[in-house]
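Close look at the chain arrangement
So you can see what is in the structure, the chains are spelled out below.
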Amino acid sequence: MNTIRSAILDNNILRSRGSYSKLPVTDEENADNDGDDKEEFRNESDQTDDERDYMLYGRRSGSSNIMDTLDDLPPGIGQYDDFHTIDWLRDIARDRMRHRHIVKKRQEGCWEQVKGAHDAWSGWVCVLLVGVAAGTCAGIIDIGSSWMSDLKEGVCLEAFWFNREQCCWSGPSLNSTSMNEDSDCDQWYSWGRMMGSGAGGAGSYIIGYLFYILWALLFGVLAALLVRMFAPYACGSGIPEIKTILSGFIIRGYLGKWTLLIKSLGMMLSVAAGLSLGKEGPFVHVACCCGNIFSYLFPKYGRNEAKKREVLSAAAAAGVSVAFGAPIGGVLFSLEEVSYYFPLKTLWRSFFCALIAAFILRSINPFGNDHLVMFSIDYNEPWTLQELIPFILIGALGGLFGKFFIKFNIMWCRYRKMSRLGNYPIFEVLGIVFITALLSYPNPYTRMNSSELIRLLVSRCGPEDDTEICDYKRSSNITDPFKWSALAGAGVGSAVWKLALALIFKMIITIFTFGIKIPAGLFIPSMAVGSIIGRIVGIGVEQLVVNNANSVFFSNICESQGKCIITPGLYAMVGAAAALGGVTRMTVSLVVIMFELTGGLEYIVPMMAAAMTSKWVGDALGRESIYDAHIALNGYPYLDHKEEFTHTTIAADVMRPRYWRYGTGVRNDPPLAVITQDSMTVEETESLLRNTEHNGFPVVVSRESQYLVGFVLRRDLNLAIANARKTSEGVVSNSIIYFTGHVPVDPNGPAPLKLRKILDMAPVTITDQTPMETVVEMFRKLGLRQTLVTHNGRLLGIITKKDVLRHIAQLRNQDPESILFN
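Residues numbered from 1 in each chain as written. Predicted model: local features only at pLDDT ≥ 70, side-chain atom pairs only at ≥ 80, totals over all residues. Heavy atoms only, no water.

Within an unreviewed UniProt entry, the label attached to the protein chain reads Chloride channel protein, and the organism entered is Biomphalaria glabrata. Database annotation for the protein chain, UniProt heading Sequence similarities (unreviewed entry): "Belongs to the chloride channel (TC 2.A.49) family." (UniProt positions renumbered as here; feature names shortened; annotations may be inferred.)

Okay, structure coming up:
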């Protein structure tokens, strides 16, 4: 699809430049036009250099008939207002013109060659800086959130800046893996121990319980206050908004400096509060903030919204790379899930950006384990074909969980939005934090950090493990007994019941947590739910096989003497992938992220089977992912390129103004607001701007003929008229506005205002009989902001992106007014 879109873009750019003949385009030019020596567009032999300059910049040197009044365009021309959609064709055409000008200037001297080289390398330098910044931010956030999370349970007196694991590295219990008691680590002081209460007693438990709740409330209210006071856009995961921005939508401030700072601090506080959320999803938002900030250092990206989105796509890949230590998965996530336009050069730069970010994070080593992956596994026991049955079952459960979560989370978020609860976000955060802390502390599997829980569940029981989940009746007569499955002891049964309670609690509390006004991600909570499901299923399969070791059905699983190999940790890993796939509907990128996340290359097939089953089951119940559902809930103008339009409507059914029947002259909408090319005064145009709210106006030959000349944006027209009144002598209210090349001279009249330079003389047009299926594909693949509807060359109406989205909503029996933005 991207190849088709690139070809159509090139063809429309040629149309916007006039009658060019074009030399063959090399693959290198299609891949990257950022300054490399390539074949240029050539003019026809009868065109002069002045005519070529006019085609590039809207003027012709030495011709008073064509030169516009606005010799220097005012600042802001070509930019977009907040909550508006960009015009991809226009921005990419502008960048091609800018690049051609740079190539031409290279012949003028060494300095111009240096500037050309800088322009060629600026994209790589920009993504390099973004990767470094994203890796650094991720390392700081990981270290800070780990330290604050442990602060709820105690403090390291000898070095308070150490978390619990670091504090106990040099202690007497270096080889101990159970840290539930104070005696395991002399350097670590729980709050009960700090208050003088004995270890393991009721007093110590109550004091620890109270401090756990108080610290959680403190962290939660700080996160909510920071977001409320300094950066309202820092709440949530940010991925729905990033998807919308990458599709061409403008949200000013969403990727700004304050959002970056507050999002980073808020992520540490939110995770430390013990809420059922993760910091991995918001890493995409943080990385995109870095990409947006660094893009302004390079005018090629800072002044061109379409080019900026290439940097943001690379930044999104870096965000997933540092979230999970999965650079390849990050690139695929950007391609599959968030990016709207992903040409080949963006793929290369995304890979480079993700590589740099992962390298920086590995250098910082926030986990302190010399592993880039978050949940490194130390087993590679084989799996058998019979196990595909429980793997597929886990995938189906993941799809069911995804549908369950999406449905009830959207219901709760809609209720929050429509009720008075939305007016009190800080109190809602405090309530969720209090309930979460109150119910989490008694259960050790909900008390621990979600990342630690997943790490515990995907691991296998080794010789050094003495936790209840590893309480098996192992035989000492078997060599390496921890490799083989065994009958479960009382501890495993107790752990299964606690995990079941943890599963119910996390499924419910995550519904109310995702969407509150603090930085909150969904990757880790979904994976935690899935890993609990997988571990429970894995233990059940393990005990089924062990108790029926002599069965013919299990003959390839069990060897002689009843030695069977079933790895419950593998089932937890598959469950994590299934639940995350059910919520996000990812497939390829999900599997790659999971095997990079765990290092379990041996288990790609089970994860693929679970991921596909999860998606099939989820899509059968509802095709929307959680991010698409939140995009629809917020009313963002997002056209999903993964959905098909199968209805038989035509452009005349959607365009504005709407006609009851073509040719009768009967209309149910106000007439289309147009501007004539050479007969409207400044005062009439300003009156039109005051009385309408349209984002742009078609320019026609006359109101009688309605033959189309071009299209002018409202913002550009406002800025041009205001600038002309200030800087051009003789321009008054009675001045005629000309969008033509030839301007008649009237010595007795007011000075004319020539605005041909801001006119788009090649707007995309369709006929009134064009099928809407074709129109929707044009909007998706060309990134159109609007298209003009004609009949026999005469202008009939206009279709905007918002009109298309409203039409799709109507066909789905949804409220078309839910589309809030342009």
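Helices and strands together make up the secondary structure of the protein chain, namely 29 helices and 12 strands. The buried share of the protein chain, reckoned over its 822 residues, is 55%. Expressed as a percentage of contacts within the protein chain between residues at least 6 apart in sequence, the contacts between residues at least 24 apart total 73%. For the protein chain, the accessible surface area stands at approximately 35,000 Å², while carbon and sulfur atoms represent 59% of it. (Helix = DSSP H or I, 4+ residues; strand = E, 2+ residues; numbered from the N terminus. Buried < 20%, exposed > 50% of the residue type's maximum accessible area, 1.4 Å probe, protein only. Contact = heavy atoms within 4.5 Å. Areas by Shrake-Rupley, 256 points an atom, 1.4 Å probe, with all protein chains shown as cover.)

Turning to the environment of I454, a few remarks are in order. Summarising the element assignment, I454 is placed in helix α19 (residues 450-458). When its relative accessible area of 1% is taken as the criterion, I454 is described as buried. Separated by 73 residues in sequence, I454 and M527 place their C-alpha atoms 7.4 Å apart. Beyond its immediate stretch of four places on either side in the chain, I454 contacts F375, I524, M527, A528 and S531.

What follows covers the pattern of salt bridges. Going through the model one piece at a time under the given rule, you end up with 24 salt bridges. Between K345 and E310 there is a salt bridge, with its nearest N and O atoms 3.7 Å apart. Here the residue K345 occupies a position in helix α15 (residues 344-364), and E310 occupies one in helix α13 (residues 305-324), the gap between them amounting to 35 residues. Each of D95, R98, D119, K307, E310 and K345 takes part in a single network of salt bridges with overlapping partners. (Salt bridge = Lys/Arg side-chain N within 4 Å of Asp/Glu carboxyl O.)

Attention shifts here to the side chain of S295. Here S295 lies in helix α11 (residues 280-295). Excluding anything up to four places from it in sequence, S295 contacts C126, Y301, G302 and K308.

Pairing in this open sheet of three strands is mixed, and the strands run β5-β6-β7 from one edge to the other. Whereas interior strands pair on both sides, the edge strands pair on one side only; in this sheet they are β5 (675-676) and β7 (708-713). One ladder, built from two bridges, connects β5 with strand β6 (residues 696-700); its direction is parallel. Residue pairing in the sheet places T676 in a bridge with V700 of β6. (Pairing = 2+ DSSP bridges.)

Spatially, three strands are ordered β10-β11-β12 in an open sheet, and the strand pairing comes out mixed. Two strands close off the open sheet at either side, each with one partner strand: β10 (765-767) and β12 (794-800). Averaged over neighbouring strand pairs, the angle between their axes works out to 35° when direction is ignored. Strand direction decides the pairing type here: strand β11 (residues 786-791) and β12, joined by six bridges, are antiparallel. (Axes fitted to C-alpha atoms, helices over the stretch in contact; angles between N-to-C directions.)

All right, on to the state of the cysteines then. In a disulfide, the sulfur atoms of two cysteines are held together by a covalent bond. Inspection of every chain in the model, using the stated rule, returns two disulfides. The side chain of C461 participates in a disulfide bridge whose partner is C470; the two sulfur atoms lie 2.1 Å from each other. Handedness here is read from the sign of the S-S torsion; for C461 and C470, about -85°, the answer is left-handed. Here C461 falls in the buried class, since its relative accessible area comes to 6%. A sulfur-sulfur separation of 1.9 Å characterises the disulfide bridge that pairs C558 with C564. Taking the sign of the torsion about the S-S bond as the criterion, the disulfide between C558 and C564, at about 105°, is right-handed. (Disulfide = S-S within 2.5 Å.)

This brings us to the packing of aromatic side chains. For the structure on display, the rule yields 26 aromatic pairs. Ring plane angle 45° and centroid distance 6.1 Å describe the contact between Y379 and Y603, whose orientation is recorded as tilted. Residue Y379 is located in the loop between α15 and α16 (388-418), and its partner Y603 is located in the loop between α23 (588-598) and α24 (604-621); the two are separated by 224 residues in the primary sequence. Each member of the pair, Y379 as well as Y603, is classed as buried. Aromatic ring contacts, followed pair by pair, group W191, F211, W215 and F219 into a single cluster. Positioned over the ring face of W124 is R349, at 5.4 Å from the centre of the ring. (Phe/Tyr/Trp six-rings, centres within 6.5 Å; stacked < 30°, edge-to-face > 60°. Lys NZ or Arg CZ within 6 Å of the ring centre and 35° of its normal.)

Turning our attention to the confidence of the model for the protein chain. Chain-level pLDDT for the protein chain is 82 on average; 85% of the residues reach the 70-or-more range. Low pLDDT, under 50, characterises residues 1-67; the predicted model gives this stretch 126 contacts beyond four residues in sequence or across chains. The model gives residues 171-183 a pLDDT under 50, and that stretch makes 23 contacts with residues more than four places away or in other chains. (pLDDT = per-residue confidence, 0-100.)

Running from amino to carboxyl end, helix α9 (residues 239-246) crosses helix α25 (residues 626-634) at an angle of 75°, the nearest separation of the two axes being 8 Å. By the angle class used here, α9 and α25 are roughly perpendicular. Within the contact between the two elements, α9 uses I239, P240, E241, K243 and T244 and α25 uses Y627, D628, H630, I631 and N634. Class assignment for the residues of the contact of α9 with α25 results in four nonpolar, three polar and three charged. (Parallel < 35°, antiparallel > 145°, perpendicular 65-115°, else oblique. Nonpolar A, V, L, I, M, F, W, Y, C, P; charged D, E, K, R; others polar.)

We now examine unusual backbone geometry. Here R656 and P657 are connected by a cis peptide whose omega angle stands at -5°. You can see P657 is positioned in the loop between α25 and β5. In the Ramachandran plot, F83 falls in the positive-phi region, its phi being about 60° despite a non-glycine side chain. Located in the positive-phi region is Q706, a residue other than glycine, with phi close to 60°. Inspection of the secondary structure assignment puts Q706 in the loop between β6 and β7. Its relative accessible area of 18% is what places Q706 among the buried residues.

Looking now at a nonpolar patch on the surface. On the surface, L225, M229, F230, W258, L261 and L265 cluster together into a nonpolar patch covering about 600 Å² of accessible area. Mapping W258 onto the fold places it in helix α10 (residues 257-272). (Patch = residues over 30% accessible without salt bridge, like charges linked within 9 Å, V, L, I, M, F, W, Y side chains within 5 Å.)

Let's shift gears to the nonpolar core. General note: in soluble globular proteins, nonpolar side chains tend to be found buried as a group. The biggest cluster of nonpolar side chains holds 167 residues, and the ones touching the most others in it are F324, F333, M527, M594 and I799. Residues within four places of F333 in sequence aside, it is in contact with I239, V284, V320, V338, F523, M586, S589 and I593. Grouped together as the second largest cluster of nonpolar side chains are 21 residues, M680, V682, L689 and L717 included. (Core = buried A, V, L, I, M, F, W, Y, C linked by side-chain atoms within 4.5 Å.)

Turning next to the packing of α9 against helix α14 (residues 327-338). Geometrically, a packed helix pair is captured by the angle between its two axes and the distance between the axes. Across the interface, α9 lies against α14 with an axial gap of 10 Å and an inter-helix angle of 75°. Put simply, α9 runs roughly perpendicular to α14. Contacts between α9 and α14 involve I239, K243 and L246 from the first element and F333, E337 and V338 from the second. For the contact of α9 with α14, the residue count by class is four nonpolar, no polar and two charged.

Counting buried residues along β12, six of its seven residues qualify, which places the element largely inside the surrounding structure. Count of turn residues in the β11/β12 antiparallel hairpin: two residues, of which N792 carries a positive phi of about 55°.

This next bit is on the side chain of R535. Positionally, R535 belongs in helix α21 (residues 523-547). One buried charged side chain, R535, makes no salt bridge at all; its nearest oppositely charged neighbour is E542, positioned 6.9 Å away. Apart from residues no more than four positions distant in its own chain, R535 is found in contact with L456, L457, S459, C461, I469, L499, P568, G569, Y571 and A572. (Lys, Arg positive; Asp, Glu negative; His and termini not counted.)

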